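Here is what each chain is made of, one letter per residue.
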Number of protein chains: 2
Amino acid sequence: MQIPREKWKNNFSEWFDNVIFQAEIYDYGRYPIKGMGVWMPYGFKIRQNVINIIRKFLDETGHEEVLFPLLIPEYLLRKESEHIKGFEGEVYWVTKGGEEDLDIRLALRPTSEVAITYMESLWIKSYKELPKKYYQIVSIFRYETKATRPMIRLREVTTFKEAHTLHVSYEDAERQVKEAIEIYKKIFDTLGIPYILSERPEWDRFAGAEHTYAFDTLMPDGRALQIGTVHHLGQHFTKALDYKIQKADGSLDYPYQTSYGISDRVIAVSIAVNGDDHGPLLNPIIAPIKVVIIPIPAKTEEDNKRVDNYCKEIQEKLSSAGISAVVDSDKEKTPGEKFYYWEMKGVPLRIEIGLREVNNETITIKRRDTLEAKIVKKDELIKTVTELLSSLSEDLKKKAWDFFNSRIFYTNDVNEAKKILENRGGIIEVPWCGDNSCGLKIEEELNARVLGYPIDAKKTSDPCVICKKPSTNVLRVAKTY
Amino acid sequence: MQIPREKWKNNFSEWFDNVIFQAEIYDYGRYPIKGMGVWMPYGFKIRQNVINIIRKFLDETGHEEVLFPLLIPEYLLRKESEHIKGFEGEVYWVTKGGEEDLDIRLALRPTSEVAITYMESLWIKSYKELPKKYYQIVSIFRYETKATRPMIRLREVTTFKEAHTLHVSYEDAERQVKEAIEIYKKIFDTLGIPYILSERPEWDRFAGAEHTYAFDTLMPDGRALQIGTVHHLGQHFTKALDYKIQKADGSLDYPYQTSYGISDRVIAVSIAVNGDDHGPLLNPIIAPIKVVIIPIPAKTEEDNKRVDNYCKEIQEKLSSAGISAVVDSDKEKTPGEKFYYWEMKGVPLRIEIGLREVNNETITIKRRDTLEAKIVKKDELIKTVTELLSSLSEDLKKKAWDFFNSRIFYTNDVNEAKKILENRGGIIEVPWCGDNSCGLKIEEELNARVLGYPIDAKKTSDPCVICKKPSTNVLRVAKTY
């Protein structure tokens with residue numbers, strides 16, 4: 001069930017849904033609840049590799065992992081009124097235990113600001129213990145009314161990494177926002193995901209935040225997808241929970257907070273940005289299997305045995321160098337069928353071993369993207385494979401960025417903007433006076449969504465695309481997921 | 001807030017609750033929902049170490065990790081009637097999304113047999129793909145009406161490892177039951193947890209199982225605690241879901257299943273079995289920090305600097321050997337305060353470094369249990385620490401087993417059994433004819449719970465302790481958590 005490259009450019013969703021199903025990554029649409037899917041073993045390993053990368057960058061910057069209960073009592077969620085308003089329509093409520101009606105409705109967490117702030121108020125009493133950085137990787141739930149999409153818009157988001165930090169001052173929280181942005185850049189860079197960072201406009205901030213910064217990427221069909229957000233929460237939640245700490249001068253004050261999250265979408269994008277007619281092409285950094293070894297049948301039983309032994313030897317050499325490799329020794333399948341199968345799994349490198357390789361003590365290695373064959377001596381195996389995996393990673397990243405950069409446009413003309421969005425997609429920057437009303441007008445005119453504006457204002461001499469007053473920055477607009 | 005050893009023997013719960021709170025392992029009773037607690041950073045690391053051990057033994061025996069949605073639709077949960085009956089009173093129900101009433105009530109999973117069987121029926125069609133072994137580590141929910149206890153009886157069990165396997169025949173499922181039992185033994189042995197394996201009596205089987213085998217341990221107060229169960233599910237769930245596979249002879253039949261689970265209790269017991277007046281004593285195998293290094297202040301600034309540098313050098317040597325170690329260089333605390341703090345954290349080894357150690361190029365190491373000092377040359381650091389950690393692990397395990405074995409009794413006298421249970425606790429074996437009615441009578445007479453009977457029948461010439469007919473096996477009875 002391949003979808004030709006030419007076709008899937010305009011049917012990216014169809015391609016993606018197919019790929020994650022056929023590669024046995026994520027079974028979606030068959031579990032009997034809308035918007036909830038199953039991570040299958042192969043997908044679970046990809047997910048685990050992505051999580052490990054996220055954990056690494058958070059741990060090494062002093063973030064401490066915790067695990068909070070899934071349920072939040074209604075009265076607690078209601079403490080911050082802006083916050084609950086932002087989520088009210090999307091909360092799943094537990095109302096019964098057994099056949100009893102519960103006294104207090106319990107929310108499946110949509111996010112954990114209030115729950116974590118509540119416990120922080122018991123744990124941390126003094127400026128001396130600040131800053132404090134917690135995170136957890138958990139399921140969150142949103143009763144989405146929009147069309148759901150596997151890994152991208154779910155009712156159960158199974159891989160929500162939410163960080164929550166606590167600070168003595170507004171400025172220290174601001175510094176944390178910058179740290180968070182740097183951490184997210186490192187995560188996306190490691191995964192080879194291109195991104196653009198914008199401050200979200202006032203009307204699109206996180207419910208309860210003073211500022212929201214967001215990373216967006218582009219899917220192959222030119223639509224933008226939010227892949228990470230960083231919020232300066234100010235004292236909103238600590239005030240709502242009447243939580244004060246002792247400051248250096250002995251006075252009491254509400255501490256400041258930030259929170260930042262990334263989700264399954266990072267995994268989705270890691271898969272989505274690289275791929276072709278043959279299916280996904282997993283970046284070696286997240287591929288559960290980096291090399292598949294396929295024996296090419298020889299003419300005699302004895303020669304086949306020699307081929308098999310040689311395959312095994314190569315596999316063991318790779319494994320002991322920490323490079324996960326499998327031999328596909330299924331006798332009932334042709335090499336062609338195996339090629340197809342492992343391409344569909346997105347394995348980055350393929351080694352083909354026939355009698356010639358055994359006799360010459362060589363190996364033939366092919367990259368999943370170019371299918372270019374490289375023949376090297378056996379003792380160069382580890383060096384070559386390591387180099388190929390690394391250059392494949394780099395090439396994928398470069399290709400993804402090239403595509404991304406080719407889809408960022410500037411125009412001061414509404415009609416041109418409209419045309420670009422319709423024909424090529426991407427992100428369009430237009431000059432903007434800074435007024436919300438003009439921002440909302442832009443969304444309306446372009447039938448697209450404002451992503452926000454660059455943190456360091458991009459000045460242009462063009463006037464605002466709507467009101468023609470002088471512009472103060474550009475506004476970024478895109479069709480979004 | 002120490003609890004003297006003599007006292008806590010009879011107040012084990014109080015000791016345990018205190019220890020996990022003061023060591024900042026698990027904050028329980030303060031989160032505003034009964035029966036749900038928070039894994040704090042230190043506890044989260046212990047939990048992670050335990051999870052890694054569980055994963056290792058499952059992965060190396062071909063179990064594949066997956067992740068299923070948290071919610072199960074009511075009609076699916078009702079497919080197996082015995083099963084739902086077993087859980088009906090304990091299920092949390094989601095009935096609302098936003099302000100809408102849901103058409104179908106959704107259960108927070110109490111366990112995942114039906115959900116997993118449902119997806120298996122889509123994934124696996126032929127005997128060729130069997131046996132298949134899945135597992136996931138997830139939160140499960142039970143609206144407990146009994147008194148809840150941290151990590152032991154919770155409404156949200158946050159660390160439920162549930163394995164689900166699929167087989168072509170009854171016998172192959174039986175073989176899997178044996179494999180599961182061996183895996184669990186390895187997990188408990190690695191963690192140093194003593195156990196006894198019994199087949200649960202008919203009236204105490206898992207809802208939907210043909211046989212339930214259970215591991216029980218003893219808490220320091222002599223009460224038994226179930227720490228793992230293994231179920232032969234027969235065809236109960238596959239029949240309920242009308243799920244057939246193709247067999248080797250071409251015919252269709254319902255496949256057979258097993259499931260087996262362990263939970264947070266394994267973590268609780270790992271902490272509970274080892275400890276004293278000073279708090280917990282973490283088995284090095286699960287301790288997030290294996291060695292704490294405490295500088296002993298010298299008289300001059302310069303000497304203190306030498307001590308600090310030496311501490312750092314030792315810490316780095318340990319870290320690069322993969323032994324997690326921290327230096328507590330807080331200048332505002334006395335060594336005594338630090339000793340107390342790190343004992344409360346259960347760190348297995350303490351290194352004290354003063355000027356004498358610096359001058360002699362030695363280190364003084366103390367085991368958390370004996371506090372016996374060992375002075376060794378610096379170049380013997382890694383060797384000595386490794387040996388001490390390993391002998392500490394072994395000693396803890398031996399001590400735990402000695403205690404456990406000293407609390408297993410046999411008697412053919414009901415009054416004596418009653419007396420033992422009241423005075424010393426433990427597990428009592430009594431001769432039994434094999435009739436359920438006598439088993440239930442034993443529970444009543446002893447005001448205790450039947451754990452079950454040995455898989456390989458223990459014959460005794462004594463008659464059944466209730467009906468005096470010839471006995472066929474012994475029945476194990478204990479006061480339980």
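The name recorded for chain A in an unreviewed UniProt entry is Proline--tRNA ligase, from Acidianus ambivalens. Under Function (unreviewed entry), UniProt gives the following word-for-word description of chain A: "Catalyzes the attachment of proline to tRNA(Pro) in a two-step reaction: proline is first activated by ATP to form Pro-AMP and then transferred to the acceptor end of tRNA(Pro)." Here chain A is described in UniProt, under the heading Subunit (unreviewed entry), as follows: "Homodimer."

Enquirer: Break down the relation of the copies chain A and chain B for me, citing the residues and quoting the values.
Expert: Of the transformation superimposing chain A on chain B, the axial component is 0.0 Å and the angular component is 180 degrees, with the fit at an RMSD of 0.0 Å. The superposition operator between the copies reduces to a two-fold rotation axis. Minimal C-alpha separation from the rotation axis in chain A is found for valine 94 of chain A, amounting to 2.1 Å. Most of the interface of chain A is mirrored in chain B, where 100% of its interface residues again form contacts.

Enquirer: Which residues make up the sheet that holds strand 18 (residues 325-327) of chain A, and what values do they have?
Expert: Residues and elements named next belong to chain A. Within the open sheet, the five strands sit side by side as 18-17-19-20-21. Their pairing is mixed. Of all strands in the sheet, those bounded by a partner on one side alone are strand 18 and strand 21 (373-377). Across the sheet, the mean angle separating the axes of adjacent strands is 25 degrees when strand polarity is ignored. Direction of pairing for strand 20 (residues 362-367) relative to strand 21: antiparallel, over a ladder of five bridges. Bridged to threonine 362 within strand 21 is lysine 377.

Enquirer: Residue-level account of the sheet that holds strand 20 (residues 362-367) of chain B, with values.
Expert: All names here are of chain B. Here we have five strands laid out as an open sheet, ordered 18-17-19-20-21, and mixed in their pairing. The open sheet has two free edges, formed respectively by strand 18 (325-327) and strand 21 (373-377), since each of these has just one partner strand. Direction aside, the axes of adjacent strands within the sheet are offset by 25 degrees on average. In the packing of helix 10 (residues 301-320) onto the sheet, contacts are made with strand 17 (291-295), strand 18, strand 19 (349-353) and strand 20, and the angle to strand 17 comes to roughly 170 degrees. Of the strands in this sheet, strand 17, strand 18 and strand 19 touch helix 11 (residues 335-344), which is tilted by about 170 degrees from strand 17.

Enquirer: Now, about the UniProt feature "domain: Aminoacyl-transfer RNA synthetases class-II family profile" (unreviewed entry) in chain A: what can you tell me, with residues and values included?
Expert: The UniProt feature table records "domain: Aminoacyl-transfer RNA synthetases class-II family profile" (unreviewed entry) at residues 41-284 of chain A. From the first C-alpha to the last, residues 41-284 of chain A spans 18 Å; its make-up is 32% helix and 33% strand.

Enquirer: How would you summarise the packing of helix 2 (residues 12-22) of chain B against helix 9 (residues 264-272) of chain B if you had to cite specific residues and measurements?
Expert: Residue and element names in this part refer to chain B. Between helix 2 and helix 9, the least distance of the axes is 11 Å, while the angle of their chain directions is 100 degrees. The angle between helix 2 and helix 9 falls in the class roughly perpendicular. Contact residues: helix 2 offers Phe12, Trp15, Phe16 and Val19, while helix 9 offers Ala268, Ile271 and Ala272. Partitioned by chemical class, the residues of the contact of helix 2 with helix 9 number seven nonpolar, no polar and no charged.

Enquirer: Tell me what's going on with helix 14 (residues 414-423) of chain A, and back it up with residues and numbers.
Expert: An α-helical segment advances 3.6 residues per turn. Residues three or four places apart therefore align on the same side. Residue and element names in this part refer to chain A. Among the residues of helix 14, those classed as buried are Val414, Ala417, Ile420 and Leu421. End-on, the buried residues of helix 14 take up no more than an arc of 125 degrees, which puts them together on one face. Seen from the buried face of helix 14, the exposed residues on the opposite side, beyond 90 degrees, are Asn415, Lys419, Glu422 and Asn423. Lining the buried residues of helix 14 we find strand 22 (408-410), strand 23 (427-432), helix 15 (436-446) and strand 25 (473-478). Taking the backbone nitrogen of asparagine 415 as reference, a side-chain oxygen 3.0 Å away marks aspartate 413 as the first, capping residue of helix 14. Positive backbone phi, approximately 70 degrees, marks glycine 425, located one or two places after helix 14.

Enquirer: Got a sec to walk through the nonpolar core? Specific residues and values, please.
Expert: Counting residues in each nonpolar core, the largest one holds 132 residues, and the members touching the most others are Phe16 of chain A together with Phe16 of chain B. Apart from residues no more than four positions distant in its own chain, phenylalanine 16 of chain B is found in contact with Pro150, Met151, Ile152, Ala268, Ile271 and Ala272 of chain B. Phe87 and Trp123 of chain A together with Leu106 and Ile116 of chain B belong to the second-largest nonpolar core, a separate cluster that totals 81 residues.

Enquirer: Kindly report on the interface of chain A and chain B, identifying the contributing residues and their values.
Expert: Every contact between the two is made by 54 residues of chain A and, on the other side, 54 residues of chain B. When the buried area of chain A at its contact with chain B is split by residue, Tyr31, Leu67 and Pro69 of chain A rank highest and sum to 13% of it. Counting across the chain A and chain B interface gives two salt bridges. Two residues, arginine 105 of chain A and glutamate 99 of chain B, come together in a salt bridge whose shortest N-O distance is 3.5 Å. Summed over the shared surface of chain A and chain B, the result is 17 residue pairs in polar contact (both at pLDDT 80 or more). Here the side of chain A that touches chain B gets six residues from one element, more than from any other, and that element is strand 5 (residues 92-97) of chain A.

Enquirer: Which residues make up unusual backbone geometry, and what values do they have?
Expert: Of the consecutive residues leucine 130 of chain A and proline 131 of chain A, the connecting peptide bond is found in the cis state with omega at -5 degrees. In this structure, proline 131 of chain A sits in the loop between helix 6 (113-123) and strand 7 (132-141). You will see that aspartate 242 of chain B, though not glycine, has its phi angle at about 50 degrees, which is positive. Classification of aspartate 242 of chain B as exposed rests on a relative accessible area of 55%.

Enquirer: Could you give an account of helix 6 of chain A, naming the residues involved and the relevant values?
Expert: For helix 6 of chain A, a buried count of nine out of eleven residues is recorded, marking the element as mostly surrounded by other parts of the structure. For helix 6 of chain A, the full list of buried residues reads Glu113, Val114, Ala115, Ile116, Thr117, Met119, Glu120, Ser121 and Trp123 of chain A.

Enquirer: Could you give an account of the pairing of strand 25 (residues 473-478) of chain B, naming the residues involved and the relevant values?
Expert: Residue and element names in this part refer to chain B. Summarising burial for strand 25: six of the six residues are buried, a large majority. Looking at chain direction, strand 23 (residues 427-432) and strand 25 are connected through six bridges and run antiparallel. Residue pairing across strands places glutamate 429 opposite arginine 476, the latter belonging to strand 25. Bridge count for strand 24 (residues 449-452) against strand 25 is three bridges, and the pairing is antiparallel. Each residue of the ladder has a partner; that of glycine 452, found in strand 25, is arginine 476.

Enquirer: Can you tell me about the domain arrangement of chain A, naming the residues and giving the values?
Expert: All names here are of chain A. Each domain of chain A was delimited in the assignment, giving domain 1 (5-276), domain 2 (291-391) and domain 3 (408-478). Taking only C-alpha atoms, the centre of domain 1 and the centre of domain 2 are 40 Å apart. Between domain 1 and domain 2, the contact holds seven residues from the first and six residues from the second. Where domain 1 abuts domain 2, roughly 520 Å² becomes buried across the two surfaces, and 42% of that area is made up of carbon and sulfur atoms. Among the residues domain 1 hides against domain 2, the three largest losses belong to Gln22, Tyr42 and Asp276. Together they make up 66% of the total. Along the contact surface separating domain 1 from domain 2 lie two salt bridges. Applying the counting rule to domain 1 against domain 2 returns four residue pairs in polar contact (both at pLDDT 80 or more). Ranked by the residues each element gives to the side of domain 1 that touches domain 2, the list is headed by helix 2 (residues 12-22), at three residues.

Parameters and conventions
- Residues numbered from 1 in each chain as written.
- Chains lettered and ligands numbered in written order.
- Predicted model: local features only at pLDDT ≥ 70, side-chain atom pairs only at ≥ 80, totals over all residues.
- Heavy atoms only, no water.
- UniProt positions renumbered as here; feature names shortened; annotations may be inferred.
- Least-squares fit on C-alpha atoms with pLDDT ≥ 70 in both.
- Contact = heavy atoms within 4.5 Å.
- Pairing = 2+ DSSP bridges.
- Helix = DSSP H or I, 4+ residues; strand = E, 2+ residues; numbered from the N terminus.
- Axes fitted to C-alpha atoms, helices over the stretch in contact; angles between N-to-C directions.
- Parallel < 35°, antiparallel > 145°, perpendicular 65-115°, else oblique.
- Nonpolar A, V, L, I, M, F, W, Y, C, P; charged D, E, K, R; others polar.
- Buried < 20%, exposed > 50% of the residue type's maximum accessible area, 1.4 Å probe, protein only.
- Arc of directions from axis to C-beta.
- Polar contact = N/O pair within 3.5 Å; in protein donor to acceptor, adjacent residues only side chain to side chain.
- Core = buried A, V, L, I, M, F, W, Y, C linked by side-chain atoms within 4.5 Å.
- Buried area = accessible area lost by both parts, 1.4 Å probe.
- Salt bridge = Lys/Arg side-chain N within 4 Å of Asp/Glu carboxyl O.
- Domains from an automatic or database assignment.

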